Amino acid sequence: MSECKGVLVVGEKDTVRETLSKATRGVVSVGRRLADGLSEHLSAVFIGDNVKDPAEQSIRCGCDRAYLAEHGSLCEYDPDLYLPVLQKLSEDIKPRVVLAPHTALMQDLFPRLAYRLKTCVVTDCIHVELDDRGAALLMTKPIYGGNALAVYRCSSSPHMATIRTHTGLSAAPAVDNQGEVVRLDVDTDLHFCRMKVTNRIREELNGVKLEEAEVVVSGGRGIGGTDGFEHLRELAMILNGALGASRPPCDLGWVSSLAQVGLTGKMVAPNVYFAVGISGSMQHLTGMYESRCIVAINKDATANIFKFADYGIVGDYRAVLPPFIENMKELLERKV
Amino acid sequence: MDELRIVVCLKQVPDPEAPVSAYRIDSAAKRVTPIGVPPVLSPFDENALELALRLRERHGGKVTAVSVGSNLSKAVLRKALSAGADELILVEDPAFSPDFLDGYGTVLVLAQTINKLGAPHIILTGRQAADTNAGVVGLFLAEALGIVAVTLARGATIEDGNIRVERVLPDGLEVVIATMPALLTVTQEAGELRNISIKNMRDAKNKPLKHWKAADLGMHVIPDRRLMLEELAAPARERKCLIIEGGSPDEVGKKLALRLRNDNVL
Ligand SMILES: Cc1cc2nc3c(=O)[nH]c(=O)nc-3n(C[C@H](O)[C@H](O)[C@H](O)COP(=O)(O)OP(=O)(O)OC[C@H]3O[C@@H](n4cnc5c(N)ncnc54)[C@H](O)[C@@H]3O)c2cc1C
């Protein structure tokens, strides 16, 4: 469809800091690269009850235009309210490409939007680029839990993708870009409400947030139970890091399921990632292989994790972890 | 309300827990050929089936399992009947091979199947399939049928004619009340599929298993693909691992600490 033009990013705000979310910033920089390649505009759209700040920040980060759908009724995500806004905007501006970060909200929203726009979506892309003719978006996504990389193209328009959000995506620097903020009319009569959130329980996790930690100490099935995780907690604490886990410890209730790292858990890319008693399934590696340095402790020398680690110890973690922790503590104290 | 009707959508996939070395990638044919990896039910679909069975235990009704594809393994999909589903419908046609059908096409077939079955109150799918990892079919299906969809369900009950869903958030949990009919995508927190006994397997032999083809659904043209697979490659990202060795665990632990310090890692 040749009349489609430009790149649209569906943005999210960081609800704690009330700013443009880091993940959105990363996607804005991807969008900028595509828009420059096409010599077309980059826009972003924000929906909520108070999203002027993130919209303005998106312009400083490189957007030519930021659309704003602001209304009290939009303060909570409800697909029945958000979708008509996005559908109308897409039909009005006819973007060539529509992108969003692969967050929980967008995983819920984007497939619905794709269906309504009579197109398809590739979720959880690790790379997107234009083909040689600049006509189609090539979207790279791990499949089979990361055992293969597929490159997809979409034959319908717009081309839609959600982009995996851990680092590796350098967030766009705040430049002195000029652009305009455009307010969208919000049809407030839309409230026919097919679903309603009646209760929400946020689990308070002490210490550093897993996705933001510089150091992550993760344990797997090989840890054997809740007691073993105490060692890992201690290590995480002295390194000012966060505790993570592969899926089995979460399923078995040894740790909170919020600690799960991997394809269907959190995506992390810290400076240092400790994988203790973790075999290295692709589904787990997917969530952490972009860490700068990976340290593996496993009693099985043939464990797959060693193929992806920078440092390794072959041995029982119960024997090697305590002396490691002791020595690490000493070395860190010596520094200050 | 009349008898509760629940449909669970199941996909057969190569066992995702197979060792990494078992996955052969044929870039020329753009195909993944898992060597010696048996097909299984996609794990999140098993979670969906478990949730369906629990809903039936609590509220009564009927659970229908549906799978769309080509070359479906009866042995694998029969597991749904053994676990407790009341009937199984295999919607199988050469035209429904993944070479022809993408997620969108699959949804059109599923929607036709569900229309033929008669509108259910609840449709359950896994949050995403273990092979394509897309997480699109459930939401597309709800849109195609024009019904409400709640994603990442870990539990559900029916209250006053509505469905009450516990939904997993990245940092907790929320409770959503939705109108029915509703589609839920189900996550692992819903719990593993129950154990199956020999007796369950024997009983399953007497349950209805239907085969429907494209023509039975009145589908004479295969829907055009919207998604094209351009390339398939093996991920290349192995690292060179320095194995720290020593005479005793104490020595190894100490050496690792020193090494990480000297290399400015920590
Ligand atoms: C669709 C799908 C999505 C998934 N998503 C995720 C996900 O997001 N995250 C995730 O992690 N998994 C996920 N999985 C599960 C994944 O396939 C693996 O089953 C899981 O990662 C294995 O966890 P593990 O390495 O802890 O356990 P195992 O594979 O059982 O490995 C345990 C390891 O511990 C070692 N060990 C045992 N005892 C000791 C000891 N005393 N000292 C040192 N080492 C020891 C063993 O040698 C072994 O290597 C998913 C699976 C599917 C199908």
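Rules behind the numbers
Residues numbered from 1 in each chain as written. Chains lettered and ligands numbered in written order. Predicted model: local features only at pLDDT ≥ 70, side-chain atom pairs only at ≥ 80, totals over all residues. Heavy atoms only, no water. Near = heavy atom within 4 Å. Polar contact = N/O pair within 3.5 Å; in protein donor to acceptor, adjacent residues only side chain to side chain. Areas by Shrake-Rupley, 256 points an atom, 1.4 Å probe, with all protein chains shown as cover. Helix = DSSP H or I, 4+ residues; strand = E, 2+ residues; numbered from the N terminus. Nonpolar A, V, L, I, M, F, W, Y, C, P; charged D, E, K, R; others polar. Phe/Tyr/Trp six-rings, centres within 6.5 Å; stacked < 30°, edge-to-face > 60°. Buried < 20%, exposed > 50% of the residue type's maximum accessible area, 1.4 Å probe, protein only. Lys NZ or Arg CZ within 6 Å of the ring centre and 35° of its normal. Domains from an automatic or database assignment. Core = buried A, V, L, I, M, F, W, Y, C linked by side-chain atoms within 4.5 Å. Contact = heavy atoms within 4.5 Å.

Draft legend 1. Looking closely at the site of the ligand. Taken together, 30 residues lie near the ligand, and R221, S246, S279 and N298 of chain A together with E17 of chain B sit nearest. Neighbouring residues of the ligand are distributed over chains A and B. Separating an oxygen atom of the ligand from a side-chain N or O atom of S246 of chain A is a distance of 2.5 Å. Between an oxygen atom of the ligand and a side-chain N or O atom of H284 of chain A, the distance comes to 2.9 Å. A total of 990 Å² of accessible area belongs to the ligand in isolation, and the protein chains cover 89% of it. For the shell around the ligand, the elements supplying multiple residues, two or more each, are α6 (247–251), α7 (282–285) and α8 (317–335) of chain A together with α1 (43–59) of chain B. Looking at the shell around the ligand residue by residue, the classes come out as nine nonpolar, 14 polar and seven charged.

Draft legend 2. Spotlight on the packing of aromatic side chains. Tallying each qualifying case throughout the model produces six aromatic pairs over all chains. Ring geometry for F229 of chain A against W254 of chain A: centres 6.5 Å apart, planes inclined by 55°, an arrangement best described as tilted. One end of the pair, F229 of chain A, is in helix α5 (residues 226–238); the other, W254 of chain A, is in the loop between α6 and β16 (272–276), and 25 residues separate them in sequence. Its relative accessible area of 0% is what places F229 of chain A among the buried residues. Ring geometry for F274 of chain A and F324 of chain A: centres 5.8 Å apart, planes at 50°, overall tilted. One end of the pair, F274 of chain A, is in strand β16; the other, F324 of chain A, is in helix α8, and 50 residues separate them in sequence. We classify F324 of chain A as buried; its relative accessible area is 0%. Grouped by ring-pair contacts, the aromatic residues Y115 of chain A together with Y104 and F140 of chain B constitute a single cluster. Sitting over the face of the ring of W212 of chain B, K116 of chain B holds its NZ or CZ atom 4.8 Å from the ring centroid. The cationic tip of R127 of chain B hangs over the ring face of F44 of chain B; the distance from NZ or CZ to the ring centre is 5.7 Å.

Draft legend 3. View of the domain arrangement of chain B. Along its sequence, chain B is organised into domain 1 (5–217) and domain 2 (238–266). For domain 1 of chain B versus domain 2 of chain B, the distance between C-alpha centres works out to 46 Å.

Draft legend 4. Just the nonpolar core, in detail. If you look at the biggest cluster of nonpolar residues, it comprises 52 residues, and the most contacted ones within it are V10 and F110 of chain A together with F96 and L141 of chain B. In contact with V10 of chain A, not counting residues within four places along its chain, are V45, L86, V98, L99, A100, P101, M106, L109 and F110 of chain A. Residues V51, L137 and A150 of chain A together with V32 of chain B belong to the second largest nonpolar core, which totals 43 residues.

Draft legend 5. Quick look at unusual backbone geometry. For the bond running from S157 of chain A to P158 of chain A, omega is -5°, close enough to zero to count as cis. In this fold, P158 of chain A is placed in the loop between β10 (148–154) and β11 (159–163). Cis geometry marks the peptide bond from M180 of chain B to P181 of chain B, where omega comes out at 0°. Looking at where P181 of chain B falls in the secondary structure, it is placed in the loop between β11 (172–178) and β12 (182–186). In the Ramachandran plot, N240 of chain A falls in the positive-phi region, its phi being about 55° despite a non-glycine side chain. Considering the arrangement of structural elements, one finds N240 of chain A in the loop between α5 and β15 (242–245). Accessibility expressed as a relative area gives 57% for N240 of chain A, which makes it exposed. For K30 of chain B, which is not a glycine, the phi torsion comes out positive at approximately 55°.

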